[in-house]
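Geometric and topological summary
This is what each chain is made of:
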2 protein chains.
Amino acid sequence: MAKTRSFQLSAAPATVLAHLLVIAVATLVLVWLLKFQDGVALSSHNKQKIFNLHPLLMVIGFILVGGEAIMVYKTIPAKREVQKTIHMILHLIALLLGSLGVYAVFKFHNELHIPNLYTLHSWLGITTISLFGLQWLAAFFSFVFPKANNYARDSYYPWHIFVGSVVFFLAICTAEAGLAERFIFLKLQHGRQALIMNFTGLLIFLFAVSVGLSVILPRG
Amino acid sequence: MAKTRSFQLSAAPATVLAHLLVIAVATLVLVWLLKFQDGVALSSHNKQKIFNLHPLLMVIGFILVGGEAIMVYKTIPAKREVQKTIHMILHLIALLLGSLGVYAVFKFHNELHIPNLYTLHSWLGITTISLFGLQWLAAFFSFVFPKANNYARDSYYPWHIFVGSVVFFLAICTAEAGLAERFIFLKLQHGRQALIMNFTGLLIFLFAVSVGLSVILPRG
């Protein structure tokens, strides 16, 4: 590809936009769950509070923290080894918070005797968190301990990036499907809660785009 | 990046998988709409038939044809100029079928006095088709007629690919959200129709991944 065929833009504006979207999405989710819904709790007589932990942890814990983990190589001005460690730790935090979020929705279903795993959202979501966990383990064994040989690491590297992108993309699809089905379950149509949920979905998509852009654009 | 850090795989298996998924997704959508729903029609006393045109045209016309358009550079063994022309024509077909699909759902809503554009699915969808139309026009004016100068074309080229990927990704998110909300509207839970809709969503995602893979992998 000719050198003129470049984006002629550095990653900096994309990462700034992504950070701003983290604040915006986290705010919208908190306002939705704390002001328009009944709040959150891991155990309560009000079972909706248990459900509400699910979108809270999946959006803020899994997607936003996971997106920040992806951008580490563009946002943290440190040595490569330090960036890799932060990338790994942030992804581990995302995995743990995401797993707790999945646990919360199973707990909610079980306590109300609602069946699990019958919607497209749940199929996509269980695939996302499983692949995410496998990818984290494969990367840990290959890049950290016990570490694969150079050839195997180099062969895995592009697939690590590709599978990571696919899982992130799948997480976004899952969130959009989840918000869409929750909206119908709540029988919303117009009003402030409907707008807050739809803007959450829209800004989650924009966050994913800005994360993707920050990955493909060169450092400043 | 070192040369060893390559995928060590050509695009051919990804394109074959994508073609197989086109057949699988089209079959599932047709079985769903013709066998488990009332079929399709552009005008009918049975308004569900008008609605059913929407998923039919959006999935088969917009997403599957659009995905094939993206893969043309890997699947059609012809000169670059021929590939570009087929890419453009397939995207125009996708745009026209997609627009007809959007028209069908507005017609359905209007005939039943259901409000338009209040769900996340509709917000994502109207954004998708608008960006898709703008991207098609921008590419036509830049690359076909009247054609921008070399420098402008080279500057636009990476953004054409990036925006195209974003719009395709957004189309997939929209489809997943649409299937998820339709599933709840139809009050499905278990049974064959539920499985068919969920597998449609899952295979649409796999189709998108195989299209993405066929783009980044080198020709055989």
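Residues numbered from 1 in each chain as written. Chains lettered and ligands numbered in written order. Predicted model: local features only at pLDDT ≥ 70, side-chain atom pairs only at ≥ 80, totals over all residues. Heavy atoms only, no water.

The subject of this paragraph is the overall build of chain A. Broken down by element type, chain A carries six helices and zero strands. Beginning at the N terminus, the succession of helices and strands in chain A can be written as α-α-α-α-α-α. Here chain A has a C-alpha radius of gyration of 19 Å; the compact-globule value for 220 residues is 17 Å, and the two agree. The principal-axis extents of the C-alpha atoms in chain A amount to approximately 55 × 40 × 25 Å. Looking at chain A residue by residue over its 220 residues, the buried ones come to 51%. (Helix = DSSP H or I, 4+ residues; strand = E, 2+ residues; numbered from the N terminus. Rg over C-alpha atoms; globule rule 2.2 N^0.38 Å. Buried < 20%, exposed > 50% of the residue type's maximum accessible area, 1.4 Å probe, protein only.)

Once that is clear, we can look at the pattern of salt bridges. Residues and elements named next belong to chain B. Per the counting criterion, the structure on display carries six salt bridges over all chains. For the salt bridge of Lys47 with Glu111, the shortest nitrogen-to-oxygen distance reads 2.8 Å. Taken together, the residues span a long stretch of sequence, with Lys47 in helix H2 (residues 47-75) and Glu111 in helix H3 (residues 80-111) at a distance of 64 residues. Judged by relative accessible area, which is 22%, Lys47 ranks as partly exposed. In this structure, the salt-bridge partner of Lys84 is Glu81, at a minimum N-O distance of 3.8 Å. Here Lys84 and its partner Glu81 are both found in helix H3, three residues apart, which amounts to about one turn of the helix. (Salt bridge = Lys/Arg side-chain N within 4 Å of Asp/Glu carboxyl O.)

Moving on: the packing of aromatic side chains. Scanning all chains against the criterion turns up 25 aromatic pairs over all chains. Ring geometry for B:Trp136 versus B:Phe140: centroids 5.3 Å apart, planes at 15°, classification stacked. With B:Trp136 and B:Phe140 both in helix H4 (residues 120-144) and four residues apart, this pair spans about one turn of that helix. Among the residues examined, B:Phe140 registers a relative accessible area of 24% and is labelled partly exposed. Taking 6.2 Å as the distance between ring centres and 75° as the angle between the ring planes, the aromatic pair formed by B:Phe140 and B:Phe141 counts as edge-to-face. An aromatic cluster of at least three residues, connected via ring pairs, comprises A:Phe169, A:Phe205, B:Phe169 and B:Phe205. When the ring centre of A:Phe36 is taken as reference, the NZ or CZ atom of A:Lys35 above it lies at 5.6 Å. Across the ring face of B:Phe51, the terminal group of B:Arg182 is positioned such that the distance to the ring centre comes to 3.9 Å. (Phe/Tyr/Trp six-rings, centres within 6.5 Å; stacked < 30°, edge-to-face > 60°. Lys NZ or Arg CZ within 6 Å of the ring centre and 35° of its normal.)

A few words now on the relation of the copies chain B and chain A. With an RMSD of 0.0 Å, the operation that places chain B on chain A is a rotation of 180° combined with a shift of 0.0 Å along the axis. Such a combination of rotation and displacement between the chain copies is what one expects of a two-fold axis. Of the C-alpha atoms belonging to chain B, the one lying closest to the rotation axis is found on B:Ala177, 2.0 Å away. (Least-squares fit on C-alpha atoms with pLDDT ≥ 70 in both.)

Let us now look at the interface of chain B and chain A. Accessible area lost when the parts come together is the quantity often used to give the size of an interface. Chain B puts 46 residues into the contact, and the matching count from chain A is 46 residues. Taken together, both faces of the contact between chain B and chain A bury some 4,600 Å²; the carbon and sulfur share is 77%. For the interface between chain B and chain A, the tally reads zero salt bridges. Counting every contact that joins chain B to chain A gives ten residue pairs in polar contact (both at pLDDT 80 or more). Every element with two or more residues in the side of chain B that touches chain A is listed here: H4, helix H5 (150-185) and helix H6 (192-216) of chain B. (Contact = heavy atoms within 4.5 Å. Buried area = accessible area lost by both parts, 1.4 Å probe. Polar contact = N/O pair within 3.5 Å; in protein donor to acceptor, adjacent residues only side chain to side chain.)

Glancing now at the confidence of the model for chain A. Any residue range with low pLDDT should be treated as having predicted coordinates unsuitable for detailed reading. Taken residue by residue, chain A gives an average pLDDT of 96. The fraction at 70 or more is 98%. This prediction of the complex comes with two scores: 0.97 for pTM and 0.97 for ipTM. (pLDDT = per-residue confidence, 0-100.)

Before going further, it helps to examine the side chain of B:His109. Residue and element names in this part refer to chain B. Within the fold, His109 resides in helix H3. We classify His109 as buried; its relative accessible area is 16%. Setting aside its immediate chain neighbours within four residues, His109 contacts Ile114, Pro115 and Asn116.

Next up on the list: the packing of helix H5 (residues 150-185) of chain A against H5(B). The N-to-C vectors of H5(A) and H5(B) enclose an angle of 30°; their axes lie 8 Å apart at closest approach. The element H5(A) and its partner H5(B) pack so that their crossing is right-handed. Touching A:Phe169, A:Ile172, A:Cys173, A:Glu176, A:Ala177, A:Ala180, A:Glu181, A:Ile184 and A:Phe185 of H5(A) are B:Phe169, B:Ile172, B:Cys173, B:Glu176, B:Ala177, B:Ala180, B:Glu181, B:Ile184 and B:Phe185, all from H5(B). Looking at the contact of H5(A) with H5(B) residue by residue, the class counts come to 14 nonpolar, no polar and four charged. (Axes fitted to C-alpha atoms, helices over the stretch in contact; angles between N-to-C directions. Left-handed = near helix turned anticlockwise from the far one by under 90°. Nonpolar A, V, L, I, M, F, W, Y, C, P; charged D, E, K, R; others polar.)

Residue and element names in this part refer to chain A. In this structure, Pro146 follows Phe145 across a cis peptide bond, with omega equal to 0°. Tracing the chain through its elements places Pro146 in the loop between helix H4 (120-144) and H5. Its identity is not glycine, yet His113 carries a phi of approximately 55°, on the positive side. Counting through the fold element by element, His113 comes out in the loop between helix H3 (80-111) and H4. For His113, a relative accessible area of 72% puts it in the exposed group.

Time to look at the nonpolar core. Counting residues in hydrophobic clusters, the biggest one holds 116 residues, and the most contacted among them are A:Ile172, A:Phe207, B:Ile172 and B:Phe207. Those residues in contact with A:Ile172, other than ones at most four positions away along the chain, are A:Ile63, A:Ile204, A:Phe205, A:Ala208, B:Phe169 and B:Cys173. (Core = buried A, V, L, I, M, F, W, Y, C linked by side-chain atoms within 4.5 Å.)

Bringing the packing of helix H2 (residues 47-75) of chain A against helix H6 (residues 192-216) of chain A into the picture now. Residues and elements named next belong to chain A. Contact geometry of H2 with H6 gives a least axis separation of 8 Å together with a crossing angle of 20°. In terms of orientation, H2 and H6 fall into the roughly parallel class. Where H2 crosses over H6, the two elements pack in a sense that is left-handed. Taken together, the residues of H6 that come into contact with H2 (itself represented by Val59, Ile63, Leu64, Gly67, Glu68, Ile70, Met71 and Lys74) are Ile204, Phe207, Val211, Ser214 and Val215. Residues that form the contact of H2 with H6 fall into these classes: nine nonpolar, two polar and two charged. (Parallel < 35°, antiparallel > 145°, perpendicular 65-115°, else oblique.)

Residues and elements named next belong to chain B. Note that Ala11 resides in the segment before helix H1 (12-36). Taking the C-alpha atoms as reference, Ala11 lies 45 Å from Ile114; in sequence the two are 103 residues apart. Contact partners of Ala11, with chain neighbours within four places excluded, come to Lys74, Ser214, Leu217 and Pro218.

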